[in-house]
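Observations on chain architecture
If you want the building blocks of each chain, they are given just below.
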Amino acid sequence: VMDPRVKTSASEIEAHHAISMRLSAAMARAAEALRGGGRGAEAPAGVRRLHAQLTQLLDTVEDVDALPTPAVRAAVDETIAALVAQLARGGPLP
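To start, this report covers the structure provided alongside it.

A few words on the overall build of the protein chain. In terms of helices and strands, the protein chain carries 3 helices and 0 strands. Its helices and strands taken in sequence order, the protein chain reads α-α-α from the N to the C terminus. Split into buried and exposed, the 94 residues of the protein chain put 29% on the buried side. Accessible area for the protein chain stands at about 6,000 Å²; split by element, carbon and sulfur atoms hold 59% of it.

Okay, structure coming up:
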C-alpha cells in the first residue's frame, strides 16, 4: 500500500527505480575498471570522470521522488553510452 501523500504513480516509481539501477550498474562497471578489472590493468582514460558524472546523476535522480526530467534521462543515457564506448576502447571487462 502506497503512502497516500505520495503523488507519484506506480509506473513512475518503477521507471525511477529502473533509472537508478542502470546508474548503479554503470557505476559498478566504472569502479571495476578503475580497480583494473582485477588484473592490475590501467583504467581507460576518462573512466574516473565518467564515474563522477554517474555519481552526480544518481544523486540528482535520488534527490526527488518523481520521474527524472527528460534532460536528466538524456544525460543518463549519454553518460552510460560514453562509459560503454570508453571501456570498449580500453579492452573488455569481465
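After that view, the rundown keeps rolling.
Turning to helix 3 (residues 70-89), a few remarks are in order. For helix 3, spanning 20 residues, the distance from its first C-alpha to its last is 29 Å, which sits close to the expected 28 Å at 1.5 Å a residue. The inward-facing, buried residues of helix 3 contact helix 1 (10-34) and helix 2 (47-62).

In terms of nonpolar packing, the biggest core is built from 17 residues, with Leu23, Val47, Leu54, Val76 and Leu83 touching the most fellow members. Put simply, the parts of the chain that give this core at least two residues each are helix 1, helix 2 and helix 3. If we ignore the near neighbours within four places in the chain, the residues touching Val47 are Ala30, Ala33, Leu34, Leu83, Gln86 and Leu87.

Applying the stated criterion across every chain, the model contains 3 salt bridges. For the salt bridge of Arg22 with Asp77, the shortest nitrogen-to-oxygen distance reads 2.8 Å. Here Arg22 is found in helix 1, whereas its partner Asp77 is found in helix 3, with 55 residues between them in sequence. Asp77 sits in the partly exposed class, given a relative accessible area of 40%. Close ionic contact of Glu32 with Arg35 constitutes a salt bridge, the shortest N to O distance being 2.9 Å. Its relative accessible area of 56% is what places Arg35 among the exposed residues.

As a further point, take helix 2. Between its first and last C-alpha atoms helix 2 spans 22 Å; for 16 residues at 1.5 Å apiece the expected length is 22 Å, and the two agree. For helix 2, the full list of buried residues reads Val47, Leu50, Leu54, Leu57, Leu58 and Val61. One face of helix 2 carries all of its buried residues, which in axial projection span an arc of 100°. Turned more than 90 degrees off the buried face of helix 2, the exposed positions are Arg48 and Gln56. Those residues of helix 2 that are buried lie in contact with helix 1 and helix 3.

Criteria and cut-off values
Residues numbered from 1 in each chain as written. Predicted model: local features only at pLDDT ≥ 70, side-chain atom pairs only at ≥ 80, totals over all residues. Heavy atoms only, no water. Helix = DSSP H or I, 4+ residues; strand = E, 2+ residues; numbered from the N terminus. Buried < 20%, exposed > 50% of the residue type's maximum accessible area, 1.4 Å probe, protein only. Areas by Shrake-Rupley, 256 points an atom, 1.4 Å probe, with all protein chains shown as cover. Expected span 1.5 Å × (residues − 1). Contact = heavy atoms within 4.5 Å. Core = buried A, V, L, I, M, F, W, Y, C linked by side-chain atoms within 4.5 Å. Salt bridge = Lys/Arg side-chain N within 4 Å of Asp/Glu carboxyl O. Arc of directions from axis to C-beta.

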